Amino acid sequence: MKVVTLDNIQLCKQNNRKAQMQVYKQYCDAMYQVALRFVNHTAEAEDVVQDAFIKAFTKLHQFKGEVTFGAWLKRIVINKSIDHLKSKKQRLVELDQVHLKVIDTDTSDKWLVQDSTTLDQIKEAITSLPEKYKYVVMLYLIEGYDHQEISEILNITQVASRTQLSRGKTKLQDLLKHTNYGQRY
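This one's a predicted model, so the numbers in the text were calculated from it and none came from an experiment.

A. Spatial organisation of the packing of aromatic side chains. The full count for this structure, using the stated rule, is six aromatic pairs. Seen from their ring centres, Tyr27 and Phe69 are 5.4 Å apart, and the 65° between their planes marks the pair as edge-to-face. A residue pair is termed long-range when its members are at least 10 positions apart, and Tyr27 in helix α2 (residues 17-38) and Phe69 in helix α4 (residues 69-88) qualify at 42 residues. What makes Tyr27 buried here is its relative accessible area of 15%. Look at Phe69 and Trp72: their rings are 5.7 Å apart centre to centre, the planes differ by 40°, and that puts the pair in the tilted class. Within this pair, Phe69 and its partner Trp72 are both found in helix α4, separated by three residues, close to a single helical turn. Taking relative accessible area as the criterion, Trp72 reaches 15% and is therefore assigned buried. What links up through ring pairs into an aromatic cluster is the set Tyr27, Phe63, Phe69 and Trp72.

B. Quick look at the side chain of Gln164. Its place among the elements puts Gln164 in helix α8 (residues 158-181). If we ignore the near neighbours within four places in the chain, the residues touching Gln164 are Lys132, Tyr133, Val136 and Ile156.

C. Local environment of the packing of α2 against helix α3 (residues 42-58). Here α2 crosses α3 at 135°, and the two axes come no closer than 9 Å. The angle between α2 and α3 places the two elements in the oblique class. Taken as a pair, α2 and α3 cross one another with a handedness that is right-handed. Along its contact with α2, which presents Gln20, Val23, Tyr24, Tyr27, Cys28, Met31, Tyr32, Ala35 and Leu36, the element α3 presents Thr42, Ala45, Glu46, Val48, Val49, Gln50, Phe53 and Phe57.

D. Focus on the confidence of the model for the protein chain. Of all residues in the protein chain, 77% have pLDDT values of 70 or greater, and the mean over the chain is 78. Averaged pLDDT values over the elements of the protein chain bottom out at 78 in helix α5 (residues 119-127) and peak at 93 in α3. In this model, residues 90-108 is a region of pLDDT below 50 whose contacts with residues beyond four sequence positions or in other chains number 44 contacts.

E. Region of interest: helix α7 (residues 147-154). Taken residue by residue, α7 has His147, Ile150, Ser151, Ile153 and Leu154 as its buried positions. Buried residues of α7 fall within an arc of 165° about the axis and therefore sit on the same side. The opening residue of α7, the one whose side-chain oxygen lies 3.1 Å from the backbone nitrogen of Gln148, is Asp146. Taken from the residues just after α7, Asn155 is the one with a positive phi, measuring 55°.

F. Looking closely at the packing of helix α6 (residues 131-142) against α7. As a packed pair, α6 and α7 sit with axes 10 Å apart at the nearest point and diverge in direction by 135°. It follows from the interaxial angle that α6 and α7 lie oblique. Our pair here, α6 against α7, has a crossing hand that is right-handed. For the pair formed by α6 and α7, the contact residues are Tyr135, Val136, Leu139 and Tyr140 on the first element and His147, Ile150, Ile153 and Leu154 on the second. For the contact of α6 with α7, a count of residues per class yields seven nonpolar, one polar and no charged.

Rules used throughout
Residues numbered from 1 in each chain as written. Predicted model: local features only at pLDDT ≥ 70, side-chain atom pairs only at ≥ 80, totals over all residues. Heavy atoms only, no water. Phe/Tyr/Trp six-rings, centres within 6.5 Å; stacked < 30°, edge-to-face > 60°. Helix = DSSP H or I, 4+ residues; strand = E, 2+ residues; numbered from the N terminus. Buried < 20%, exposed > 50% of the residue type's maximum accessible area, 1.4 Å probe, protein only. Contact = heavy atoms within 4.5 Å. Axes fitted to C-alpha atoms, helices over the stretch in contact; angles between N-to-C directions. Parallel < 35°, antiparallel > 145°, perpendicular 65-115°, else oblique. Left-handed = near helix turned anticlockwise from the far one by under 90°. pLDDT = per-residue confidence, 0-100. Arc of directions from axis to C-beta. Polar contact = N/O pair within 3.5 Å; in protein donor to acceptor, adjacent residues only side chain to side chain. Nonpolar A, V, L, I, M, F, W, Y, C, P; charged D, E, K, R; others polar.

This is the structure in structure tokens:
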């Protein structure tokens, strides 16, 4: 597979369809997986990806090369996915085939789950979080964004991002605790 170069990006800026198709083919599958983690239906994920590529090609003049093209495009896909979810008020997709990144943490962070907790239990718990926590938790734990990036994507402050992540983690741990030990009476 040929790597997207700045020359390809320049050709795309000039509406070169061949260069655009090459960029599309290179990034389509990865961006589809990102969209699928956020939306509830494969056809809707395809629509989100198409909309994201259209926006990317029309806004390509805004790409300054400060980050990789893939990272820039991924942010567009995530924004389009969130916009789609907000417009349809749908639940976030069950996170099929997603591997949560392992975050090094000290014990004072209190972000620990039982070793016996399964990925399916974590996915189910994330989907049951309130929407304001769910997006931040997904962007931080699954997509690997930091608070500055999350604040830009969700149009919230970094303080709000940290607060919502902290509260989301607490709720997530509580949900997972009930999964492992049964319901409280």
